[in-house]
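The primary structure of each chain is shown beneath.
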Amino acid sequence: MSDPLRALRPWESPEVTSWGRLPMNALDRRTGALPLDGDWRFQLLPAPDAPVQGVWSSQPVPGAWTVQGTDDLPQYTNFAMPWGEFPPDSPAANPTGVYEREVDVPAAWAGRRIVLQVGAAGSVLLVHVDGRPVGVSKDSHLAAEFDLSGVVRPGGRAVLRLTVVKWSDASHLEDQDQWWHAGITRPVLLYATDPLRLADVTVRTRCDGTLRVDCQVRDAGGALPAGWYVTGELDGRLLTQDQEFERFKEKDGRVSDFLGEARLGTVVADARPWTAETPALHPLTVRLHRADGSVADTSHHRVGFREVEIRGRDLLLNGERVYIRGVNRHDFHPLTGRTVSYEDMRADLVTLKRFGFNAIRTAHYPNDPSLLDLADELGFYVIDEANIEAHDHAHEIADDPRYLGAFVDRVSRMVLRDKNHPCVIVWSLGNESDYGANHDAAAGWVRRHDPTRPLQYEGAAKLDWADPTVASDIACPMYAPLEDCVAHALSGRQTKPLIQCEYSHAMGNSNGTLADHWEAIESTPGLQGGFIWEFWDHGILQRVNDGRPAGRGGAGLYDHGVTTPGHRWAYGGDFGETIHDGAFVADGVVFPDRTPKPVMFEHREIAAPVRLAYTGGELRVTNHQHFRGLDRLAAEWRLSLADGGTRTAPAELPRVPAGGSAVVPMPFTLPEEGGEAWLTLRVTTADEEAWAPRGTEVCVPQVRLRAASRTVSATATAPGPPVEVDEDGLLVHPLLTAAPVLSLWRTPTDNDELGGMAARWRAWGLDATRRTLLDVRRGNTGVTVIAEYTTLAGAVRHEQVFTRVGGGIRIEETADLPQGLTDVPRVGSVFETVAGLDVLQWYGQGPWESYPDRSTGAPVGHHSLPVDELFTPYLRPQESGGRHGVRRFTLSAPDGTGFTVALDEPRQVSVTRYRDEDLAAAAHHDELVARPGCVVRLDAAHRGLGTASCGPDTSPGHLVRAGTHRWSWTLRPR
Ligand code: GAL
Ligand code: MG
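In this text the structure is predicted, and so the values were computed from the model without any measurement.

## Here we look at the overall build of the chain
So, point 1. Within the chain one finds 13 helices and 57 strands.
So, point 2. Relative to a compact globule of 974 residues, whose C-alpha radius of gyration would be 30 Å, the chain shows 32 Å and is just as compact.
So, point 3. Within the chain, buried positions represent 61% of all 974 residues.
So, point 4. Considering only intrachain contacts with a sequence separation of at least 6, the fraction spanning at least 24 residues in the chain is 73%.
So, point 5. Of the roughly 35600 Å² of accessible surface on the chain, 51% is carried by carbon and sulfur atoms.

## Things to note about the pairing of strand β16 (residues 210–219)
So, point 1. Burial runs high along β16: seven of the ten residues are buried.
So, point 2. In this sheet, β16 lies alongside strand β15 (residues 196–205) in antiparallel orientation, the contact comprising nine bridges. Residue pairing for β16: L196 is matched across the bridge by D219.
So, point 3. Here β15 folds back onto β16 in antiparallel fashion, the turn holding four residues, of which G209 has a positive phi close to 100 degrees.
So, point 4. Sheet analysis places β16 next to strand β21 (residues 258–267), joined by nine bridges and oriented antiparallel. Bridging across to β21, T210 finds its partner in V267.

## Describing the packing of aromatic side chains
So, point 1. Following the criterion strictly, the structure yields 19 aromatic pairs and no others.
So, point 2. Residues W83 and W167 carry aromatic rings whose centres are separated by 5.5 Å and whose planes lie at 75 degrees to one another, so their mutual orientation is edge-to-face. Pair noted here: W83 is in the loop between β6 (75–77) and β7 (96–104) and W167 is in the loop between β12 (157–165) and β13 (178–180), with a separation of 84 residues, a long-range link. In this pair, the class of W83 matches that of W167, namely buried.

## Quick word on the domain arrangement of the chain
So, point 1. Parsing the chain into structural domains produces domain 1 (4–193), domain 2 (207–303), domain 3 (308–538 + 586–601), domain 4 (539–585), domain 5 (609–700) and domain 6 (714–973).
So, point 2. On a C-alpha basis, the centres of domain 5 and domain 6 stand 34 Å from each other.
So, point 3. Contact with domain 5, which involves eleven residues of that partner, is made by eight residues of domain 6.
So, point 4. When domain 5 packs against domain 6, the two sides together hide about 690 Å² of surface, and 49% of this comes from carbon and sulfur.
So, point 5. In this assembly, domain 5 and domain 6 are joined by two salt bridges.
So, point 6. We note a salt bridge from D643 to R888, for which the minimum N-O separation is 3.5 Å.
So, point 7. Connecting domain 5 to domain 6 are four residue pairs in polar contact (both at pLDDT 80 or more).
So, point 8. For the side of domain 5 that touches domain 6, the secondary structure elements donating two or more residues are β40 (633–641) and β41 (645–651).
So, point 9. The element best represented in the side of domain 5 that touches domain 6 is β40, accounting for three residues.
So, point 10. A class-by-class count of the residues in the side of domain 5 that touches domain 6 yields four nonpolar, three polar and four charged.

## A short note on the coordination of the magnesium ion (ligand 2)
So, point 1. In this structure, E389 (OE), H391 (ND1) and E432 (OE) serve as the protein donors to the magnesium ion (ligand 2), at separations of 2.1 to 2.3 Å.
So, point 2. Classification of E389 by relative accessible area gives buried; the value is 0%.
So, point 3. Among the residues examined, E432 registers a relative accessible area of 23% and is labelled partly exposed.

## Points about the pattern of salt bridges
So, point 1. Evaluated as defined, the whole model comprises 73 salt bridges.
So, point 2. Taking the shortest distance from any N to any O, the salt bridge between D450 and R204 comes out at 3.9 Å. Taken together, the residues span a long stretch of sequence, with D450 in the loop between α6 (437–449) and β31 (455–456) and R204 in strand β15 at a distance of 246 residues.
So, point 3. The class of R204 is partly exposed, set by a relative accessible area of 22%.
So, point 4. Note that D314 is salt-bridged to R321, the shortest N-O span being 3.0 Å.
So, point 5. For D314, a relative accessible area of 22% puts it in the partly exposed group.
So, point 6. One network of salt bridges, in which partners are shared, links R186, R329, D331, D344, D348, D368 and R594.

## As for the side chain of N623
So, point 1. If you trace the backbone, N623 turns up in strand β39 (residues 618–623).
So, point 2. One polar contact links the side chain of N623 to the main-chain carbonyl oxygen of P657, over a distance of 3.2 Å.
So, point 3. Dropping the residues within four chain positions of it, N623 is found in contact with P609, R628, G629, L630, V656, P657, A658, G659 and G660.

## Things to note about the sheet that holds β16
Strand-to-strand pairing in sheets goes through backbone hydrogen bonds, with the strands running parallel or antiparallel.
So, point 1. Overall, antiparallel pairing links the seven strands, which are arranged β15-β16-β21-β18-β17-β22-β23 in an open sheet. On the outer flanks of this sheet lie β15 and β23 (295–303), each paired with one strand and no other. Recorded for the sheet is a direction-independent mean angle of 25 degrees between the axes of neighbouring strands.
So, point 2. Where strand β17 (residues 229–234) lies against strand β22 (residues 282–289), six bridges are found, and the strand directions are antiparallel. Bridge pairing in β22 links V230 to L288.

## What about the sheet that holds strand β33 (residues 527–532)?
So, point 1. Ordered in space as β31-β30-β29-β28-β27-β33-β32, the seven strands form an open sheet in which the pairing is parallel. The sheet is open, and its two borders are formed by β31 and β32 (498–503), each paired with just one other strand.
So, point 2. Bridge count for strand β27 (residues 324–328) against β33 is four bridges, and the pairing is parallel. Within the sheet, the bridge partner assigned to I324 lies in β33 and is G529.

## Things to note about the side chain of R628
So, point 1. Of note, R628 is situated in the loop between β39 and β40.
So, point 2. Those residues in contact with R628, other than ones at most four positions away along the chain, are E277, T278, N623, P657, A658 and E689.

## A short note on the site of ligand 1
So, point 1. In the vicinity of ligand 1, 13 residues are found, and the nearest of them are D177, H364, E432, E502 and H505.
So, point 2. A distance of 2.6 Å separates an oxygen atom of ligand 1 from a polar atom in the side chain of H364.
So, point 3. The fraction of the free accessible surface of ligand 1 (300 Å²) that becomes covered by protein chains is 96%.
So, point 4. Across the shell around ligand 1, the residue classes break down as five nonpolar, four polar and four charged.

About the criteria used
Residues numbered from 1 in each chain as written. Chains lettered and ligands numbered in written order. Predicted model: local features only at pLDDT ≥ 70, side-chain atom pairs only at ≥ 80, totals over all residues. Heavy atoms only, no water. Helix = DSSP H or I, 4+ residues; strand = E, 2+ residues; numbered from the N terminus. Rg over C-alpha atoms; globule rule 2.2 N^0.38 Å. Buried < 20%, exposed > 50% of the residue type's maximum accessible area, 1.4 Å probe, protein only. Contact = heavy atoms within 4.5 Å. Areas by Shrake-Rupley, 256 points an atom, 1.4 Å probe, with all protein chains shown as cover. Pairing = 2+ DSSP bridges. Phe/Tyr/Trp six-rings, centres within 6.5 Å; stacked < 30°, edge-to-face > 60°. Domains from an automatic or database assignment. Buried area = accessible area lost by both parts, 1.4 Å probe. Salt bridge = Lys/Arg side-chain N within 4 Å of Asp/Glu carboxyl O. Polar contact = N/O pair within 3.5 Å; in protein donor to acceptor, adjacent residues only side chain to side chain. Nonpolar A, V, L, I, M, F, W, Y, C, P; charged D, E, K, R; others polar. Donors = N, O, S within 2.8 Å, 3.2 Å for Na, K, Ca; no water. Axes fitted to C-alpha atoms, helices over the stretch in contact; angles between N-to-C directions. Near = heavy atom within 4 Å.

In structure tokens form, the structure reads like this:
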């Protein structure tokens, strides 16, 4: 017998967005439902029309079969479709998962309306019950509901079959830059309602406490039910129905099922407004009553009183222009792919909150519904984005009428699902799909249905940031050069808020110039923020021996961003894919296990709610929040003296309102001696917050109280041993296993590689310079060594003057870079030490990794870390572990032996276990083998990181240019 659902071939019909699927609504039916999660019978067919076999295995639901033991493995592509068919076609080889299980339908559901909800499945879902066709759905990131009332028997047992077709016409709309997966990725459940029921509830608020609730009522009964009504309960206060619109049609004693719409309303005079800083939620229960007062249906909501508005070029939240400190977030997990638990999502948001983020763009599809519940609760502004990315075939699809329905379907269903969340402040029509009539159609639907929120679409806005006619109320470019943003804001023709939907690409060791962005944003009216790309490094935990995803069994096989032996973070190509985009999937501010990368600390400081300024001898504390006072924060003063260690003192934060500031007394008297002095305010949470225990560090703003004195105090210690150099002019020193030589190279970062700089540097031969000794001159107090390093852009002359000084050796270096070397990664020294020097203490910026254009968040002070913890385990090994602004450092063994290096100026320094060649030879962090000694690099100049893997390079001021570079340092054994 042929199956009508398969006969319809919905996987090759873009016009078919669903069949038999119920309309989307904003009601949460999870409470009281029968969960159908767990192990289902499973078989993977080679194509949707292949016959189902008698042999079954099993698969957990929810989950993606691509990470759960099948031979159909994950594949990563950025925008290239993984196969060659043009829209709307898909390949003949098309993995199709058949999931089956029995369901015992509760006998108590007799007379009730029974609904199946599949949380997410894709790309096409076919539903059968007891062999009968029930429905079809598309959109892998939204739930699909089907009415099973006449199909299953309460008290009986039914066989539920869900068939998931991996590839389809819809795959062309789901071409987001992420792993391709397939399966049933969100929970499945069965629930029952009274035939007379709430069909939808729409909550609207204003920040003055105005509440309006529209309740749509339907009845499957078919006869006219007399006298139903709706009540509400907000914070325990009763709301009564003030209007009712009957919508039903009556004919021959029968009525249509849409009975009408009832409205509840009130003004809560003392409502606490909802903002990301003060996410006050008011519980609302809506009840639908039968004429006798009994309750037919109940729906729970959490109301946030807030209002979004665009006035001129400002996006206002409750009338206030708020900065959007956002990040792009995918539904991702290193073990389960797209299936994420409530606890995981909560942990994501807690992490973001602790690092100063206040906004999320759900890139590039509606995220799991719990994410929005959590964002309401913890306080985030959300740009809710529809599941439309036609990237590879964007131009064809944006205007293709066969896809028109799919555009409107995807956008409208997202809005219907999420409209009651206070956290959602802007709708997004999708990502990277060109701009066409299909977008305008979807925009038209949204504007009519939800006039309370702006909408945005980068593809439309980019035509002209100021054009009012396109489907975007916000100028929301991606990776726009900062100068262009500032120029637009100053041009006089800006008409919309400028909030970048993506900026500061976090691939590998990145996010250079983030602080420059925020300096501009906070000082340029019209610029309001943006969303960093992105939250996650999407590494999938993989077993190295068989190349399989570790799946759920991999729990605990990683720690602090690093995998345990025998495992690695897989990126594109690691599952044997031939079409892939490599490590481009690892571009987040956290590692695959959510360990924060150093950029998180940079961001935390840039977003600091408390700022410190020291001018004209006056110390000023500013409350940089939008809505809160400083009362829920505590603080401590810390004074770091270059030559005198650290002192602390309790701090009292001034009672200033949001935006206010106050002069505070200087907590310390500076000692006369002691050189440079830095004052830090360590700010922590004063109370338990939903996102942090009391005492959690929030920011560490710092000011310099006194500059370094120029006069170097002559430490009159005994002169060091005579300087010794070998026949190659290389320093001989008992603690060094490789003498300091000139380095013009850093193992390219992802930005260096993808931005094309590394290729240029390799073409110049900077990774393999050959050293030729030109001259060695020996004098009474030391030795001068002159060498030449060949590059294809000319020779670099390098001079080292070794002088015997109190207790050690001073090394004064000069490098003359020929004009052809217009832009190099670094100019500095590199040397290696004996084994056993395992702790680094330094006075400079830290404790976390910092680079010249990513150093705002690393305060100057006395820091100490084991050498093994200095290196950041970026998935693809690259330049890592640097510390900026280092004035002095000591490497020591447990017995206290070791050496101290004092630098002439604050310099970029790194101490790692790896040579450049070690890093270059490894494609994944787990392949690195730590050397017993240390590789020490100290730089006269180090190039900024920029973000050129996708976006602007570092700023011109952070380039390392040709010409003469000078630096000097002293090396003293301890
Ligand atoms: C953007 C895109 C993102 C991602 C990013 C690069 O163009 O919207 O999905 O691909 O670039 O990582
Ligand atoms: Mg893309």
